[in-house]
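Below are the chains, spelled out letter by letter.
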Amino acid sequence: KQFVEIARELDKKNTKLIVLDEPTAVLTETEAEQFLACVRSVAERGIAFIFISHKLDEVKNNTHHVFVLRDGEMVGDYHTADLSTVKMSQLMVGREVEILNREMGHEEENEEVCLEFNHFGVSMPGEVARDVSFQVKKGEIFGIGGLAGHGKISIANGVMGLYPSKGEVKVHGRVLDVTKTKDTLDDGIAFVSEDRRGVGLMLDESIELNIAIAALKTKDKFIVKKFGIPFYDKKGAIEYAKKMIKDLDIRCTGHAQPVKSLSGGNQQKVIISRWLLATKNILILDEPTRGIDVKTKSDIYHLIDRLTAQGLSIIFISSEMPELINMCDRIVVMNQGHTTGVLERKEFSQERIM
């Protein structure tokens, strides 16, 4: 879809300037490089580009001049050659940003299996998974990588019953009926979709309701009974939303603000806040840092690390290899709908994953 949209703009006659707003956010590294090579080629023919991106390496390697914005104001105006990615991130955030660098796991790692896939397949258009088998251990970050269209995104969608599936999924040794989404949620499996606006959020509703809805539906939280009749505990939901706004540094005007007016990174924090109360078991994160700024990315990395330290298991699906290598304890790679083997942390390298 992204390539079609970009091709439409490149094909117009008498074009002088093209504005690209996060053009590589949904592309894999290989696809992004193909696209950026095309952009460089077009620029050499005299067409100017404004390239808006949170991916600082892409900005550094593909632009001539950089303007840096923070809180609606321009805080930097540099020739790209004079600006490092570290300085860019400092200008964007207003201070030095610490990107989490996880150490290798301890020898006494938990061997308890909490989620198991046996010959699992999902019929998701454009992302078909044909035969997937692996196990996820309690308290680990289990990465799923692979090129776009090879099935990695379909796994989570299949578990949540969003697309037809076959094969077997077990939770703590018990077979899960993935066609019953509520049962999956009741078993403590939560899902942060890669399509946060299309699937993850109720865009017209408040931050408060978006955070409360999962616990309300699956855990009977935020419910008070009057005369035996259940009512929405708005006061309790507001108090929890305020806590999450503070704890996760959600930039907003208040709990009543519609989520559609938030930035992508803050929308992502709202979705994650929703599941922190609704699950203590397994959290599936599908492209959790897609299209968000370096500060929010760092916040999410540190939050993930804290959650696994508390015993939560996380499936981390990403198109960015450095992210997988830095964050995960083990990684499985998808190729043409099949798993090609599980890599232990000591085996991680970009070359091995490719």
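Up top you'll find the structure we're talking about.
Throughout what follows, the structure given in this document is the object of discussion. One numbering rule holds for all chains: residues counted from 1, following each sequence as written. Per-residue local features of the predicted model are confined to residues with pLDDT of at least 70, and side-chain atom pairs are confined, for both listing and counting, to 80 or more; whole-chain, interface and lining totals are unaffected and use all residues. Values shown for side chains rest on all heavy atoms present in the structure; no hydrogens or waters enter the calculation.

**Description of empty space enclosed by the protein**
Stage number 1. Site definitions follow a grid-based scheme: protein atoms alone, a 1 Å grid, a 1.4 Å probe that fits but cannot get out for cavities, and for pockets an open set with protein on both sides within 12 Å along at least five of seven lines, plus lining residues having an atom within 4 Å of a point. Grid points are joined across faces, edges and corners, and a volume is the space filled by probe spheres set on the points. Tallying each qualifying case throughout the model produces 2 cavities of 30 Å³ or more.
Stage number 2. The volume enclosed by the largest cavity comes to roughly 50 Å³.
Stage number 3. Contributing to the lining of the largest cavity are Glu 22, Ala 25, His 54, Lys 55, Thr 289, Gly 291, Ile 292, Lys 297 and Glu 320.
Stage number 4. For the lining of the largest cavity, a count of residues per class yields 2 nonpolar, 3 polar and 4 charged. Here the term charged refers only to Asp, Glu, Lys and Arg, the term nonpolar to Ala, Val, Leu, Ile, Met, Phe, Trp, Tyr, Cys and Pro, and the term polar to all other amino acids, Gly among them.

**Remarks on the nonpolar core**
Stage number 1. Judged by nonpolar contacts, the single largest core of 77 residues is most densely connected at Leu 115 and Phe 316.
Stage number 2. Under the scheme used here, helices are H or I runs from DSSP no shorter than 4 residues and strands are E runs no shorter than 2 residues, and both carry numbers assigned from the N terminus. Per-element tally for this core: the top contributor is helix H8 (residues 207–218), with 7 residues.
Stage number 3. Sequence-distant contacts of Phe 316, defined by excluding residues within four places in its chain, comprise Ile 141, Phe 142, Gly 143, Ile 144, Leu 285, Pro 288, Tyr 301, Ile 304, Glu 323, Leu 324, Met 327 and Cys 328.
Stage number 4. Residue types Ala, Val, Leu, Ile, Met, Phe, Trp, Tyr and Cys, when buried and joined through side-chain atoms within 4.5 Å, form a set referred to as a nonpolar core. Per-residue accessibility, obtained with a 1.4 Å probe over protein chains only, is compared with the maximum for each type, and a residue is labelled buried under 20%, exposed over 50%, and partly exposed between these values. Listed in part, the 21 residues of the second largest apolar core include Leu 20, Phe 35, Phe 51 and Val 93. Contact definition: two residues touch when any of their heavy atoms are within 4.5 Å.

**A look at the pairing of strand S14 (residues 313–317)**
Stage number 1. With 5 of 5 residues buried, S14 is to be regarded as a mostly interior element.
Stage number 2. Side chains Ser 313, Ile 315 and Ile 317 of S14 all project onto a buried face; the interleaved residues Ile 314 and Phe 316 project onto the opposite face, where all are buried too.
Stage number 3. As judged from the 4 bridges shared by strand S7 (residues 141–145) and S14, these two strands associate in the parallel manner. Counterpart to Ile 144 in the pairing with S14 is Ile 317.
Stage number 4. Two strands pair when backbone bridges link them, and strand S13 (residues 282–286) and S14 are joined in this way by 5 bridges, in the parallel orientation. Across the sheet, residue Ile 282 finds its bridge partner in S14, namely Ser 313. Note: two strands are recorded as paired if DSSP finds a minimum of 2 bridges between them.

**A short note on the pairing of strand S16 (residues 338–344)**
Stage number 1. Where strand S15 (residues 330–335) meets S16, 5 bridges bridge the pair, whose relative direction is antiparallel. When the sheet's bridge partners are listed, Asn 335 is paired in S16 with His 338.
Stage number 2. Hairpin geometry of S15 and S16 is characterised by an intervening segment of 2 residues between the two adjacent antiparallel strands and by a positive phi of about 55° at Gln 336.

**So, the packing of aromatic side chains**
Stage number 1. To pair, rings of Phe, Tyr and Trp, with the six-membered ring standing in for Trp, must have centres within 6.5 Å; the planes then decide the type, stacked if under 30 degrees apart, edge-to-face if over 60, and tilted in the middle. Applying the stated criterion to the full structure yields 4 aromatic pairs.
Stage number 2. With 5.5 Å between their ring centres and 55° between their planes, Phe 117 and Phe 120 make a pair best called tilted. The burial state of Phe 117 is the same as that of Phe 120; both residues are buried.
Stage number 3. Summarising the aromatic geometry, the rings of Phe 117 and Phe 134 are spaced 4.7 Å apart at their centres and angled 40° between planes, so their arrangement reads as tilted. One end of the pair, Phe 117, is in strand S5 (residues 113–122); the other, Phe 134, is in strand S6 (residues 129–137), and 17 residues separate them in sequence.
Stage number 4. One aromatic cluster in this structure is built from Phe 117, Phe 120, Phe 134 and Phe 142.

**Here we look at unusual backbone geometry**
Generally, phi is negative for residues other than glycine and the peptide bonds are trans, each holding for most cases.
Stage number 1. Even without a glycine there, the phi angle at His 172 is positive, about 50°.
Stage number 2. Take His 172: it is sitting in the loop between strand S8 (165–171) and strand S9 (174–175).
Stage number 3. Look at His 172 and you get partly exposed, because its relative accessible area is 41%.
Stage number 4. A positive phi angle, near 60°, is found at Phe 227, a position not held by glycine.

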